[in-house]
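Inside the fold
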Amino acid sequence: MSSRVSNHSERRTNGTSDNDSNPRPRGGGQASRSSQHQRGTRSPQAADINPPHKRTASGNPRPVNKTVEERRTERTTITTKEKLTSRTKSPERRSKDAPPPEKWKAKEAPKSRQPEMKPKEPKLDAAPAVWEPVARLAPHTSAPLAIRVSVPPSASQAPQSLQPQPLHELSLEAQEAAIIEDILFVFMGYEGQYIRYSYSYDPEEERDRLAGPEFRILPGLDPSLQDLTMSMLKMATYYSALETFIDVQSRDEFGAVNHALCAAIRKFLQDYLVMVAQLETQFLTNETFTLHLLNVHTLPTSQMMYQLYSLAHEFLKRNALLDVESEEEDEDMEDFDNIIANLQRGEEFMPGNLTGKKICKGGVVIGLITKRLDTMSGDPAARSLLTSLLRDASRPYMAMLNEWLHHGEIRDPHSEFLIKEQKSIRRDRLEQDYTDDYWERRYTIRERDIPPQLQGVKDKVLLAGKYLNVVRECGGVDVSKVAQDVPTSFDDVRFLDNVNNAYAHANESLMKLLLTTHALPARLRSLKHYFFLDPSDYFTYFMELSASELRKPVKSVNIVKLQSLLDLVLRQPGSIVSLDPFKEDVHIEMNEVSLIKMLQRVVNITGIEQGEALQPLSNQPIENDKNALGFTSLQLDYTVPFPVSLVISRKTVWRYQALFRYLLSLRYLESQLSTTWQTHNTGIVWCHKSSARRVEIWKRRVWTLRARMIVFVQQLLYFCTLEVIEPNWQSLMSRLKAKDGSLDGSGKPDRTVDELMQDHVDFLDTCLKGCMLTNGKLIRIHSKLMQTCTVFAAHMNWLSRELEKTDPDLVGPIQPPNMTDKEWKRFQAVKSQKSHNDSSTSHLQDDEARFNTLNEIIRGWEKNFSRHLQILLDALNHYAATETVVLLSLCARLATANQGTEFAGPRPEGEAAV
């Protein structure tokens, strides 16, 4: 007993060295460290001698009772033994806890042989290895405030000499004091003497740290303290997990919204540590501070930590940083397809883009907080916490939103904003090859990253920035002074008003830029002049001048010469187009693809909307390349500067070109039939009344067929220009003049730029549909009718020669009685010239066979024209009843061209469908 008491008294007198020999690898505030040094390692004797809850704080000893003073006096007299003093000064023993009393008895037994044992004494002291854990730096991370010091080694790895006294040897009061001390350390993320990590927890593994450590209590703790301690250890798990969560989510690739969220959580954790320091002060200074009182003080904070932990856990599941399967795992293939598509478009990948949905950032973070806020709306404390987090996390997002809404710029280094910009599409490229990429693909919406607050106004957000972007690049309006007092978070009541006002301002600015600065209405009128042949006088003159060039095969046409002739015609004084300020933008082109083939190709793909996606000419199977002439391949092109090219885009120019080629084909066919009419009225062969009745009947059949064809072409041309294009054009211009983008009484813009663009496209689509250019069946029927008319007009000279050989009055050298001398002389002159130029005329066929051949030819033309015209009428009646009633007027007029034929009238369904 004397040796045990002397050992303990020596430790009390040499308290400084004994306290320094407890290398507990954990940190905390100054109060934590001072309390650790004051208490040291407790022994059973100390627990029995010292009364419970007698704590000293930072060198301020509490007054003790008289009994304790008498016991200290006895220990002081015993600790003057030299042997014990010499043993405690050993440097090896100074770093270890005092061994149990049983070991002291074993070592003091051979006192009589102490001189002989001195040489062996250093070997016994040096046997146990010194435990010296070393701190090291963690690998570099892109999170600036992440912890860089390695985690301390587990307390279970410490040598046996550093293990604390078993709990079952302590009294109930001593157990409570020891457990409270350990809980305060565990609250700050460190292991205690009796509270340690569970065996399944690996502090070196990031997944385990993100999930939070599970704690175990060494055996021997009183059951009354066990349950209360285990309930409080959950808060320590939350704190450790949140610290690691902040380190991970603060990395650069997680974006500014995650960084702001982590900063907000870090503030709450700072308040949490302040609370732990206050609890430690209570523990050191208040004798009535018990474990139950500690639990009461931590309950509100524990609820807050649980909410933060649950939110962080949801983010970690979305980011696939835990072992939990991602809810969107089945969409992996879709993400790969999106990545491949982005690479094909040459899109720039920012940090985190390649992982797609695996990184939860930007609007997704705001959406998760908002969803959780709606779920927890019944809990006032949770609602207040989540509202604060949402406010702080949305600040960088709102900064990007305001920059986009009020300046038309995107400052999104982490690719987390709702609008995605493809910087490879620039305005300088647009001026050379003005496709729709600038408007439709340069700025797009990330559908998966839209915050719930912006879901209803996402289109306005997109258009507001796009409008201002165009205005800023054109220098039309100073956008630097727009943003003055704007909301900075989503919980601001002015949030939606800010979006609506920015959209209205941007729309009004761009409308003024288009309608006033760049004269959009004048541009549209210019397009109507050239592509719809509105004043056709200049174009008729151009066709007469360039007829010799346009009759050549398309590969032999001199485009430079045609362009010079067009410029000459456009500058001709007295013409309406001579006053057009945009006549320099019109250019001549040759399209080797025939109109019918081009329309059929577009209709067979996906309709007129994909007109700009035609393949290069070399990849298209073209049947009529060898027979294509300049007349059939002529088309106009129009150069449009930015930003008018957003309205008059490549899609709309293609529509203009399709309508122009169709109207030009009708005009050209009309001119061919008009030339045929002139031949019939001026040629001696046709004007002369033959004595052979069958010849006269045959000529009347030719005249009738020609007249029917002219009626068909003229009525079609009239319908397309005056009943389809002109009314729709007037409607478009009235909408342009009536509404200019100003605000109405409700604060909404009367007219938006996108509505204007859509009106322009709708106008052209309506014209194409009304002209029957978007229906494959009507295109095929129309093609056959046009081909029949073209063949008829092209063979008129051959018919004239054959008629001359067939008419008996014109074959012989004798003047017919019903022909004047002047006509006879002129006929003889023409006949001699023809016989000189065409001396190889075959005379093998007699008159009867030749006349039968002519009859068969004209009968075939009549049948083809009448049959296909009736099929067209049947189709027009059908589509007029099912699609548009506009076709009824055309159907009524074209029916007059087919009266009196065998195909006139209603036909059976099966025959009409052929």
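Residues numbered from 1 in each chain as written. Predicted model: local features only at pLDDT ≥ 70, side-chain atom pairs only at ≥ 80, totals over all residues. Heavy atoms only, no water.

1. Describing the overall build of the protein chain
Note the cut-off: The way it works is that DSSP assigns letters per residue, a run of H or I at least four long becomes a helix, a run of E at least two long becomes a strand, and they are numbered from the N terminus. Each residue is assigned to one of three classes by its accessible area relative to the maximum for its type, calculated with a 1.4 Å probe on protein chains only: buried under 20%, partly exposed between the two thresholds, exposed over 50%. The contact rule is simple, with two residues in contact once any of their heavy atoms fall within 4.5 Å. In these tables, accessible area is a Shrake-Rupley quantity obtained with a 1.4 Å probe, and a residue counts as shielded only by the protein chains included in the view.
Scanning the protein chain for helices and strands turns up 41 helices and six strands. Here the protein chain, with 914 residues, has 48% of them falling under the buried criterion. Restricting to contacts in the protein chain with at least 6 residues of sequence separation, those with at least 24 account for 77%. For the protein chain, the computed accessible surface area is about 45200 Å², with 53% contributed by carbon and sulfur atoms.

2. Description of the confidence of the model for the protein chain
Operational definition: Per-residue confidence from the prediction method is given by pLDDT, with values spanning 0 to 100.
Averaged over every residue, the pLDDT of the protein chain is 75; the share at 70 or more is 70%. In the model, residues 324–334 has pLDDT below 50 throughout and makes twelve contacts with residues more than four positions away in sequence or in other chains. For the stretch residues 836–845, pLDDT sits under 50, and the model shows three contacts to residues farther than four places along the chain or on other chains.

3. Comments concerning the packing of helix H13 (residues 223–249) against helix H15 (residues 291–318)
The relative placement of two packed helices comes down to the angle between their axes together with the axis-to-axis distance. The test is simple: A fitted line through C-alpha atoms represents every axis, and for helices the fit uses only the stretch in contact; the resulting angles, taken between N-to-C directions, go from 0 to 180 degrees. For any pair of crossing helices, the crossing counts as left-handed if the nearer helix is rotated counterclockwise from the farther one by less than a right angle, and right-handed if it is rotated clockwise. Under this grouping Gly is polar, as are all residues other than the nonpolar Ala, Val, Leu, Ile, Met, Phe, Trp, Tyr, Cys and Pro and the charged Asp, Glu, Lys and Arg.
Orientation of H13 relative to H15, taken along the N-to-C sense of each, is 40°, at an axis distance of 8 Å. When you trace H13 past H15, the crossing you get is left-handed. Here the residues of the contact of H13 with H15 sort into 18 nonpolar, eight polar and no charged.

4. Topic: helix H24 (residues 520–531)
How we decide: Any helix carries an expected span of 1.5 Å times its number of residues minus one.
Taking 1.5 Å of rise per residue, twelve residues should cover 16 Å, and H24 covers 16 Å from first to last C-alpha, within 8% of that figure. Judged by how many residues are buried, H24 sits mostly within the fold: ten of twelve residues are covered. Within H24, the full set of buried residues consists of Leu520, Pro521, Arg523, Leu524, Ser526, Leu527, Lys528, His529, Tyr530 and Phe531. Immediately beyond the C-terminal end of H24, within one or two residues, lies leucine 533, with a positive phi of roughly 50°.

5. Details of the side chain of aspartate 449
Keep this limit in mind: We treat Lys and Arg as the positive residues and Asp and Glu as the negative residues; His and chain ends play no part in the count. A carboxyl oxygen of Asp or Glu within 4 Å of a side-chain nitrogen of Lys or Arg is what we treat as a salt bridge.
Residue placement: aspartate 449 occurs in the loop between strand E4 (443–445) and helix H22 (458–474). The charged side chain of aspartate 449 is buried without a salt bridge, its nearest counter-charge being arginine 446 at 4.3 Å. What aspartate 449 contacts, discounting residues up to four positions off in sequence, is Gly363, Val364, Tyr397 and Leu418.

6. Considerations on the packing of aromatic side chains
Stated formally: Here the aromatic set is Phe, Tyr and Trp, taking the six-membered ring for Trp, and pairing holds for ring centres within 6.5 Å; pairs whose planes are under 30 degrees apart are stacked, those over 60 apart are edge-to-face, and all others are tilted.
If you walk through the whole model with that rule in mind, you get 25 aromatic pairs. An angle of 90° between the planes, with centres 5.1 Å apart, marks the rings of phenylalanine 490 and phenylalanine 495 as edge-to-face. For the pair formed by phenylalanine 490 and phenylalanine 495, the shared burial category is buried. Taken together, the ring pairs in this structure connect Tyr530, Phe531, Phe532, Tyr538, Phe539, Phe542, Tyr638, Tyr656, Phe660, Trp729 and Phe763 into an aromatic cluster.

7. Thoughts on the nonpolar core
So the rule is basically this: Nine residue types can take part in a nonpolar core, namely buried Ala, Val, Leu, Ile, Met, Phe, Trp, Tyr and Cys, and a core is a set of them joined through side-chain atoms within 4.5 Å.
Grouped together as the largest cluster of nonpolar side chains are 224 residues, with contacts concentrated most on Leu389, Leu454, Phe542 and Phe712. For this core, the element with the highest residue contribution is helix H33 (residues 693–738), accounting for 18 residues.

8. A word on the environment of cysteine 720
For cysteine 720, the location among the structural elements is in helix H33. Residue classification places cysteine 720 among the buried residues on the basis of a relative accessible area of 0%. Sequence separation between cysteine 720 and leucine 659 is 61 residues; the distance between their C-alpha atoms is 9.5 Å. In this structure cysteine 720 touches Tyr662, Leu663, Ile725 and Cys771, once residues within four positions along its chain are discounted.

9. Re the state of the cysteines
Convention followed: Any two cysteine sulfur atoms within 2.5 Å of one another count as a disulfide.
Applying the stated rule across the entire model yields zero disulfides. Cysteine 771 takes part in no disulfide bond, and the closest cysteine sulfur, belonging to cysteine 720, lies 3.6 Å away.

10. Points about the environment of glutamate 670
Looking at the element boundaries, glutamate 670 is found in helix H31 (residues 650–682). Taking the C-alpha atoms as reference, glutamate 670 lies 8.9 Å from methionine 709; in sequence the two are 39 residues apart.

11. Structural notes on the pattern of salt bridges
One pass over the structure, following the stated rule, counts 25 salt bridges. Its salt-bridge partner being aspartate 412, residue arginine 446 comes within 3.6 Å of it at the nearest N-O pair. With arginine 446 in the loop between E4 and H22 and aspartate 412 in the loop between helix H19 (395–407) and strand E3 (419–421), this residue pair connects regions lying 34 residues apart in the sequence. Note on accessibility: arginine 446 and aspartate 412 belong to one class, buried. Among the salt bridges present, the one from lysine 528 reaches glutamate 726, with a minimum N-O distance of 2.9 Å. Of this pair, lysine 528 sits in helix H24 while glutamate 726 sits in helix H33; the two residues are 198 residues apart in sequence, bridging distant segments of the chain. The buried category is assigned to lysine 528, whose relative accessible area is 7%. Judged by relative accessible area, which is 22%, glutamate 726 ranks as partly exposed.

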